Amino acid sequence: MLKSNFHTHTFRCGHASGSDEEYVLEALGAGFVELGFSDHIMLPGFKQENLRGDYALSEDYFASIRSLEKKYADRMKIHLGFEAESFPLYFPYYQELLLGGKIDYLILGNHYQMNEEKKIVNYFSKIKSAADLYNYRDLALSALQTGLFSCFAHPDYFMSSIAEPDKDVKKVIEDMIGVCIDLDIPLEVNTAGIRNGIKMIGNGVKRYLYPTDEFFSLAGKMGAKCIFGLDAHAPDQISNEESMDQAIFFARKNNLRIIDKLEFKKPKE
Ligand SMILES: [Zn+2]
Ligand SMILES: [Zn+2]
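Residues numbered from 1 in each chain as written. Chains lettered and ligands numbered in written order. Predicted model: local features only at pLDDT ≥ 70, side-chain atom pairs only at ≥ 80, totals over all residues. Heavy atoms only, no water.

All right, on to the overall build of the chain then. A tally of helices and strands in the chain yields 8 helices and 12 strands. Expressed as lengths along the three principal axes of its C-alpha atoms, the size of the chain is roughly 50 × 45 × 35 Å. Looking at the chain as a whole, 55% of its 269 residues are labelled buried. Within the chain, residue pairs in contact and separated by at least 24 positions form 76% of the contacts whose partners lie at least 6 positions apart. Looking at the chain as shown, the accessible area adds up to about 11,900 Å², and 51% of this sits on carbon and sulfur atoms. On the chain, the mean spot of the 31 positive side-chain charges and the mean spot of the 39 negative ones are 2 Å from each other. (Helix = DSSP H or I, 4+ residues; strand = E, 2+ residues; numbered from the N terminus. Buried < 20%, exposed > 50% of the residue type's maximum accessible area, 1.4 Å probe, protein only. Contact = heavy atoms within 4.5 Å. Areas by Shrake-Rupley, 256 points an atom, 1.4 Å probe, with all protein chains shown as cover. Lys, Arg positive; Asp, Glu negative; His and termini not counted. Charge placed at Lys NZ, Arg CZ, Asp CG, Glu CD.)

Let's shift gears to the coordination of the zinc ion (ligand 2). The coordination sphere of the zinc ion (ligand 2), as far as protein atoms go, consists of His7 (NE2), His9 (NE2), Glu83 (OE) and Asp231 (OD), spread over 2.0 to 2.4 Å. Considering all 4 donor atoms around the zinc ion (ligand 2), the spread of angles at the metal, 79 to 171 degrees, places the coordination shape in the irregular class. Within one chain, the residues serving as donors to the zinc ion (ligand 2) are arranged as H-x1-H-x73-E-x147-D. Taken as an interatomic distance, the gap from the zinc ion (ligand 2) to the zinc ion (ligand 1) is 4.7 Å. (Donors = N, O, S within 2.8 Å, 3.2 Å for Na, K, Ca; no water. Tetrahedral: all angles 85-135°; square planar, octahedral: opposite > 155°, others 65-115°.)

Let us look at the packing of helix 1 (residues 20-29) against helix 2 (residues 58-71). Angle between the axes and distance between the axes: these two values describe a pair of packed helices. Close contact between helix 1 and helix 2 brings their axes to 10 Å; oriented N to C, the two are set at 35 degrees. Classified by chirality, the crossing of helix 2 by helix 1 is right-handed. Across the interface between the two elements, Asp20, Glu21 and Val24 from helix 1 touch Ser64, Ile65, Leu68 and Lys71 from helix 2. Looking at side-chain class alone, the contact of helix 1 with helix 2 contains 3 nonpolar, 1 polar and 3 charged residues. (Axes fitted to C-alpha atoms, helices over the stretch in contact; angles between N-to-C directions. Left-handed = near helix turned anticlockwise from the far one by under 90°. Nonpolar A, V, L, I, M, F, W, Y, C, P; charged D, E, K, R; others polar.)

Enumeration according to the criterion identifies 1 cavity of 30 Å³ or more in this entry. Its volume calculated, the largest cavity comes out at about 40 Å³. Residue lining of the largest cavity: Phe6, His7, Ile107, Cys151, Glu188, Ile227, Phe228, Gly229 and Leu262, and that is the complete set. Of all the elements, strand 11 (residues 225-229) adds the most residues to the lining of the largest cavity, at 3 residues. Of the residues in the lining of the largest cavity, the class split is 6 nonpolar, 2 polar and 1 charged. (1 Å grid on protein atoms, 1.4 Å probe; cavity = no way out; pocket = protein on both sides within 12 Å on 5 of 7 lines; lining within 4 Å. Points joined across faces, edges and corners; volume = space filled by probe spheres on them.)

On to the layout of surface pockets, then. The space that makes up the largest pocket amounts to roughly 420 Å³. For the largest pocket, the lining is made up of 19 residues, of which His15, Tyr157, Tyr210, Asp231 and His233 are closest to its centre. By residue number, the principal contributor to the lining of the largest pocket is helix 6 (residues 191-195), which donates 3 residues. Each pocket or cavity is described by its volume, and for the second largest pocket that value is around 230 Å³. The residue inventory of the lining of the second largest pocket, partitioned by class, reads 8 nonpolar, 2 polar and 2 charged.

Turning next to the pattern of salt bridges. Applying the stated criterion to the full structure yields 14 salt bridges. The residue Arg52 makes a salt bridge to Glu85 at a minimum N-O spacing of 3.1 Å. Placement of Arg52 in the loop between strand 2 (34-40) and helix 2 and of Glu85 in the loop between strand 3 (77-84) and helix 3 (91-99) is noted, with a sequence separation of 33 residues between them. Here Lys225 and Asp184 are joined by a salt bridge, their closest N and O atoms 2.9 Å apart. Taken together, the positions of Lys225 in strand 11 and Asp184 in the loop between helix 5 (167-183) and strand 8 (187-190) put the pair 41 residues apart, joining distant regions of the chain. A residue is classified by how much of its surface remains accessible, and Lys225, at 24% relative accessible area, is partly exposed. Overall, the relative accessible area of 38% leaves Asp184 in the partly exposed class. Salt bridges sharing common partners tie together Arg137, Asp138, Lys171 and Asp175. (Salt bridge = Lys/Arg side-chain N within 4 Å of Asp/Glu carboxyl O.)

We now examine the packing of aromatic side chains. If you walk through the whole model with that rule in mind, you get 17 aromatic pairs. Ring centres 6.1 Å apart and planes at 45 degrees place the aromatic pair Tyr61 and Phe62 in the tilted group. Of the two residues, Tyr61 and Phe62, neither departs from the other in class, the shared state being buried. Centre to centre, the rings of Tyr112 and Tyr123 are 5.5 Å apart; their planes meet at 80 degrees, and the pair counts as edge-to-face. Here Tyr112, found in strand 5 (residues 112-114), pairs with Tyr123, found in strand 6 (residues 120-123); they are 11 residues apart in sequence, far enough to count as distant. (Phe/Tyr/Trp six-rings, centres within 6.5 Å; stacked < 30°, edge-to-face > 60°.)

Rendered as structure tokens:
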């Protein structure tokens, strides 16, 4: 049985429901011993309505999770983090949050590319060219190499729109897994992708958007560390047994080395 989860959102992002405490109570009811909150990072000087909370909500997020951490300390370990993109302009801010103890950890969710003017220029759920693909890889690797990230969330997010992996796709997969092994960063088997069910990709391939066998069969062969991430956006998703059973089946099929606790990386000063 799953005993921990480090990928939990809150209502502040605009597309999740429930109170912070409801997630905690659901996790306690499911027998969890650790729960990490990792809402979409709120960024100074940047807004994305309904995708992440406004920066003005950060202090409320920190205070709420820290108070739950204290309140439930004798029953469960609660951690405070963020899911953050590879936005190099914001790496100094990420570092400040971690070094200042505002948060305990970051997980990398490589959803978009941001340019120097803080505009989103690429949506990695819609890869259209080999250039986009290599952008996804290069941004992911530059983020992971900063030492700021403790986990690579849905590392195969870029597969969402790729029906037939070609040699470039295979190369990108192998490169990213190799770097995660070298840096000892676990790859997340994202169960939100499983909860969302089987989808039609392109002209006729049916599978989860992610996680994908293309990615994780190689992760299994290469012996990478993997971890389940619930990517919960509603309290009842903490204890969704059907998707958890499917996730375990997926992990066994791909021969994954599953760890049950995330070690938090601390950046160097
Ligand atoms: Zn979300
Ligand atoms: Zn997430």
